[in-house]
Amino acid sequence: MVASMISLDPNQRKSAENYLSDFRGPKCFPLYFSSFVHQYLHSITDSLNQAFDPDSRMGRISQDFDKIAVSLGFFNENIDTQSRVTLTQQIKKNVNGPQTLNVVDHLSLEILLNIPNFPSRIVPGNKKGDEGSLIFLSFICSCIRNLALPSSKLFAIDIFLALGLHLPDNYKLERVVPYLMSLVHDPVGIVRAMAIRSLTQLLATVEVVPLHDAEIFPEYIFPELTQGIDQNKFEQQRGGRKVEQRGLAEDKELIVRTTYARCLASLAESSFRFLEYSQWLKNKTQEVDDDENEKTRALDSYDVHLNRLHEYVKEELIQLISDPDPIVNRCVLSDITTLYVFLGREKTDDALLYIGSIINKHDWQLQYEFNFWKDIKKKDKNSLKLN
């Protein structure tokens, strides 16, 4: 096809319509591209239609996402056009019903989407439609930086997650994570909260970690989350005074702090899984070399990276457990067992030295979570004595 396009002989060069028809199917253009994607993207990118600014395009995609999902094969594969129409109608009738796109059983946060005419509850796992998902993902990424409305950004976050669940793991880390991280620094609190939640859920679905992304947590994700949003930039834009730059654990919006507290345990779990998988890959490559010095250096590197992860999580845990709002404290304690396993007894106890301020707060739900944690510690001590 490319040779024909660049041929010096005009008679060898065909029209775009001929190329689309001749190379339809497994040769070049998949059936979903010619039957839906090409016409749909043309309809919202037509230069003659000036009404479609980035916000309008995002609204259009969110309204039509049920059709997009069916066309890309998120629900069924190898179905004809009439079946696609029928399935789309069924989705609209049972939008809050039992439809699930079947993934990982270890997700601690239920994946909930707020996309019109699309199932709100989604279970990741089906990797069908990854090529078509990449096309729409690239289009949304081209719009994301020019979105002005918070509602459009929230739609983009939900669509990022819905598409990301059908992408290979390397595309999740390289194409979706950076854009979600940029929205974590958005000036609107609800956008920051939903971005960190979707980021956490997407990272929890990653099963195969490329070696070049093995240190994404200590080198990129945790530093960005602890650095937080640059409040000075937005205050100066509004003509206000300068304020100190805050991380998510010190965010001025309560919804951001509570969401981050709820996600911290899952982020810690994902970071440990990434480290374990990368260490396994390194060990496999070193088995070929069979060099004892290399194996020793790998073990030292593992300990160093694990300590870095522990320090990041411990500092954030201290900040969140010391938060003056009891809702944030409850969110932290609800997943404290996961953090206990990740940090170990000694580091968790060091972090929870700051828990004394919780006891004096008159909140029965918080007291319940605290007493539940004390019971877990007693059982753990008894099991150690028996051992």
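Residues numbered from 1 in each chain as written. Predicted model: local features only at pLDDT ≥ 70, side-chain atom pairs only at ≥ 80, totals over all residues. Heavy atoms only, no water.

**Focus: the overall build of the protein chain**
1) Next: The helix and strand inventory of the protein chain stands at 19 helices and zero strands.
2) Next: Buried positions account for 45% of the 387 residues belonging to the protein chain. (Helix = DSSP H or I, 4+ residues; strand = E, 2+ residues; numbered from the N terminus. Buried < 20%, exposed > 50% of the residue type's maximum accessible area, 1.4 Å probe, protein only.)

**Topic: a nonpolar patch on the surface**
1) Next: A surface patch of nonpolar side chains, amounting to about 300 Å² of accessible area, comprises Val2, Met5 and Ile6.
2) Next: The topology assignment puts Ile6 in the loop between helix H1 (2-5) and helix H2 (16-22).
3) Next: Among the residues examined, Ile6 registers a relative accessible area of 63% and is labelled exposed. (Patch = residues over 30% accessible without salt bridge, like charges linked within 9 Å, V, L, I, M, F, W, Y side chains within 5 Å. Areas by Shrake-Rupley, 256 points an atom, 1.4 Å probe, with all protein chains shown as cover. Salt bridge = Lys/Arg side-chain N within 4 Å of Asp/Glu carboxyl O.)

**Overview of the nonpolar core**
1) Next: Grouped together as the largest cluster of nonpolar side chains are 91 residues, with contacts concentrated most on Phe65, Phe136, Leu203, Phe217, Leu225, Tyr260 and Leu267.
2) Next: Broken down by element, this core gets its largest block of residues, 10 residues, from helix H13 (residues 254-289).
3) Next: Leave out the neighbours within four places in its chain, and Leu203 touches Leu173, Val177, Phe217, Ile221, Leu267, Ser270, Arg273 and Phe274. (Core = buried A, V, L, I, M, F, W, Y, C linked by side-chain atoms within 4.5 Å. Contact = heavy atoms within 4.5 Å.)

**Some points on the side chain of Asp323**
1) Next: When you line up the elements, Asp323 lands in the loop between helix H14 (292-321) and helix H15 (326-334).
2) Next: Its relative accessible area of 5% is what places Asp323 among the buried residues.
3) Next: For Asp323, the side chain forms a polar contact with the side chain of Arg257, separated by 2.7 Å. (Polar contact = N/O pair within 3.5 Å; in protein donor to acceptor, adjacent residues only side chain to side chain.)

**Focus: the confidence of the model for the protein chain**
It should be kept in mind that the predicted coordinates are not to be read in detail where pLDDT is low.
1) Next: The predicted model of the protein chain averages 77 in pLDDT, with 69% of residues at 70 or higher.
2) Next: Mean pLDDT across the secondary structure elements of the protein chain bottoms out at helix H6 (residues 81-93), with 44, and peaks at helix H10 (residues 189-204), with 94.
3) Next: This model gives residues 77-106 a pLDDT under 50, and the stretch forms 56 contacts once residues within four places in sequence are excluded.
4) Next: Low pLDDT (under 50) marks residues 382-387, which in the prediction has one contact with non-local residues, meaning those over four places away or in another chain. (pLDDT = per-residue confidence, 0-100.)

**A look at the packing of helix H9 (residues 169-184) against H10**
1) Next: Viewed as axis vectors pointing N to C, H9 and H10 meet at an angle of 155°, and their least axial separation amounts to 8 Å. Between H9 and H10, the interaxial angle falls into the category roughly antiparallel. Relative to H10, H9 is oriented so that their crossing is left-handed. When H9 is examined against H10, the residues Lys172, Leu173, Val176, Val177, Leu180, Met181, Leu183 and Val184 are found in contact with a partner set consisting of Val191, Arg192, Ala195, Ile196, Ser198, Leu199, Leu202 and Leu203.
2) Next: Looking at side-chain class alone, the contact of H9 with H10 contains 13 nonpolar, one polar and two charged residues. (Axes fitted to C-alpha atoms, helices over the stretch in contact; angles between N-to-C directions. Parallel < 35°, antiparallel > 145°, perpendicular 65-115°, else oblique. Left-handed = near helix turned anticlockwise from the far one by under 90°. Nonpolar A, V, L, I, M, F, W, Y, C, P; charged D, E, K, R; others polar.)

**A short note on the state of the cysteines**
1) Next: Inspection of every chain in the model, using the stated rule, returns zero disulfides.
2) Next: Here Cys263 is not cross-linked by a disulfide; its sulfur's nearest cysteine counterpart is in Cys331, at 9.4 Å.
3) Next: Judged by its relative accessible area of 0%, Cys263 falls in the buried class. (Disulfide = S-S within 2.5 Å.)

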